[in-house]
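Listed here are the chains, written in short residue letters.
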Amino acid sequence: MKKDNISKRAARLALYGLFAAVTFSSCEEKMMDYDGPDGVYLMHYQPAGGYEYNTAEYNLMNSAGREVDFPLSVTITGRIRDYDRPYLIAAVDSSTAVAGEDYILPQGGVIKAGEYRDTLYVKLLKNDKLLKQKVKLVVKLQPNEHFTTDLTKYTTKRAFDPRTFELSFTSMMEKPYWWEYYRATDEVENGNLGFFTDRKILLINDLYNLTYADWLEGSASMNLTKVKFIYTRFAKYLIQQYRNHTPVLEEDGRLMWVTGCPWVSYIGQPWDGSFDESY
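Now for a quick tour of the structure. (Residues numbered from 1 in each chain as written. Predicted model: local features only at pLDDT ≥ 70, side-chain atom pairs only at ≥ 80, totals over all residues. Heavy atoms only, no water.)

Looking only at helices and strands, one finds 4 helices and 11 strands in the protein. Put simply, the protein has 279 residues, and 44% of those count as buried. Restricting the contact set of the protein to residue pairs at least 6 apart, pairs at least 24 apart contribute 73%. Counting only carbon and sulfur atoms, one obtains 50% of the accessible surface of the protein, whose full area is about 14800 Å². (Helix = DSSP H or I, 4+ residues; strand = E, 2+ residues; numbered from the N terminus. Buried < 20%, exposed > 50% of the residue type's maximum accessible area, 1.4 Å probe, protein only. Contact = heavy atoms within 4.5 Å. Areas by Shrake-Rupley, 256 points an atom, 1.4 Å probe, with all protein chains shown as cover.)

Right under this line is the structure:
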């Protein structure tokens, strides 16, 4: 899978879609709730209602590639200056995500001259651990010679610390909407795509340039015709791997199966290792 390098423009659009960041019409309007020294804070907005919040959840499987650049909006209080001003940020102890394993966090960013906002990108890293669990990254802005983080005079519509942001993320997947077109007993796979597994959907996505988001309800990129096209091609792929004596197995050791595969797949029963030349 290719590295997911989201362009700056695309990331800003994603930021709008995820957080619906409010664009202020003037500096005075932007700072009307604050009266004090130059400060810096993290602020995001719900898509509806305009309520401020400082948490988010993200499923990494909604993006292609092994890395995802997740945007955070950093905003200042006080006056806009005619010179660049660096700001600092760090992970806090309440985080369960592991630096270098689950994420890469810059030490900070820069509020450019004439600007009152910056977008900081946290790099989220896909790994096998995240297929089974959710982790939490809590970041907090740090004071420096340019910005204070004492925002006691700043008021929010809902009570929280605007210096912090909590991001929960995972790669765990549940059976999505477009996987509904199958029936499976407790033992024998049948129907179109068979029993849903992480291993199966990840392989399909890798082969046909899809993401988990493509399978979700409301996706414009998926329909019944495309589902049929996918499992028909995938069956041919699995059969060819079997004929090459490199069969694709599920975690329990059984042969991976979709409709069109000539073998029977018993959930929880490993493949016996024999090859049927008639396949």
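Let's shift gears to unusual backbone geometry. For asparagine 209, which is not glycine, the phi dihedral falls at a positive 55°. Topologically, asparagine 209 is positioned in the loop between helix 3 (198-208) and helix 4 (224-243). Although it is not a glycine, histidine 245 adopts a positive phi angle of roughly 65°. Relative to the helices and strands, histidine 245 is located in the segment after helix 4.

What follows covers helix 3. Buried residues of helix 3: Asp198, Lys200, Ile201, Leu203, Ile204, Asn205 and Tyr208, and no others. Each element contacted by the buried residues of helix 3 is listed here: helix 4. Downstream of helix 3 by a residue or two, asparagine 209 has a phi angle that is positive, lying close to 55°.

We now examine the environment of leucine 255. Here leucine 255 shows up in the segment after helix 4. Along the backbone, leucine 255 and tyrosine 266 are 11 residues apart, and their C-alpha atoms lie at a distance of 8.6 Å. If near-sequence neighbours (up to four positions away) are discounted, leucine 255 is found in contact with Tyr242, Pro247, Val248, Leu249, Trp263, Ser265 and Trp271.

As a rule of thumb, nonpolar side chains are buried together in soluble globular proteins. Counting 30 residues, the largest nonpolar core has Leu193, Ile204, Trp215, Phe234, Leu238, Val258 and Trp263 as the members making the most contacts within it. Looking at this core, the elements with two or more residues in it are helix 3 and helix 4. Counting residues in each nonpolar core, the second largest holds 29 residues, with Ala56, Tyr87, Ala97 and Phe147 among its members. (Core = buried A, V, L, I, M, F, W, Y, C linked by side-chain atoms within 4.5 Å.)

Between the first and last C-alpha of helix 4 there are 29 Å, a value that for 20 residues agrees with the 28 Å anticipated at 1.5 Å per step. Contact partners of the buried residues in helix 4: helix 3. Where helix 4 begins, the side chain of asparagine 223 points an oxygen toward the backbone nitrogen of threonine 225, at a separation of 3.1 Å. Of the residues trailing helix 4, histidine 245 is marked for its positive phi of about 65°. (Expected span 1.5 Å × (residues − 1). Polar contact = N/O pair within 3.5 Å; in protein donor to acceptor, adjacent residues only side chain to side chain.)

Our next topic: the packing of helix 3 against helix 4. Helix-helix packing is characterised by the crossing angle of the two axes and by the distance between the axes. Contact geometry for helix 3 and helix 4: axes closest at 11 Å, N-to-C directions at 100°. For the element pair helix 3 / helix 4, the angle class is roughly perpendicular. Taking contact as the criterion, the partners of Lys200, Leu203, Ile204, Leu207 and Tyr208 in helix 3 are, on helix 4, Ile230, Arg233, Phe234 and Tyr237. The residue inventory of the contact of helix 3 with helix 4, partitioned by class, reads 7 nonpolar, no polar and 2 charged. (Axes fitted to C-alpha atoms, helices over the stretch in contact; angles between N-to-C directions. Parallel < 35°, antiparallel > 145°, perpendicular 65-115°, else oblique. Nonpolar A, V, L, I, M, F, W, Y, C, P; charged D, E, K, R; others polar.)

Another aspect to go through is the pairing of strand 1 (residues 39-42). Side chains Gly39 and Tyr41 project from strand 1 onto one buried face, and the interleaved Val40 and Leu42 project onto a second face that is buried too. Judged from the 4 bridges that link them, strand 1 and strand 5 (residues 67-77) form a sheet pairing that is antiparallel. Counted as the bridge partner of valine 40 is isoleucine 76 from strand 5. (Pairing = 2+ DSSP bridges.)

Moving on, we come to the sheet that holds strand 8 (residues 108-111). Strand order in this open sheet of 5 strands is 4-11-10-6-8, and the pairing throughout is mixed. Looking at the sheet topology across the chains shown, the edges are occupied by strand 4 (55-59) and strand 8. In this sheet, adjacent strand axes meet at a mean angle of 25° when their direction is disregarded. As defined by bridge partners, strand 4 adjoins strand 11 (residues 164-170) across 5 bridges and the pair is classed as parallel. Its bridge partner being in strand 11, alanine 56 is matched across the sheet by leucine 167.

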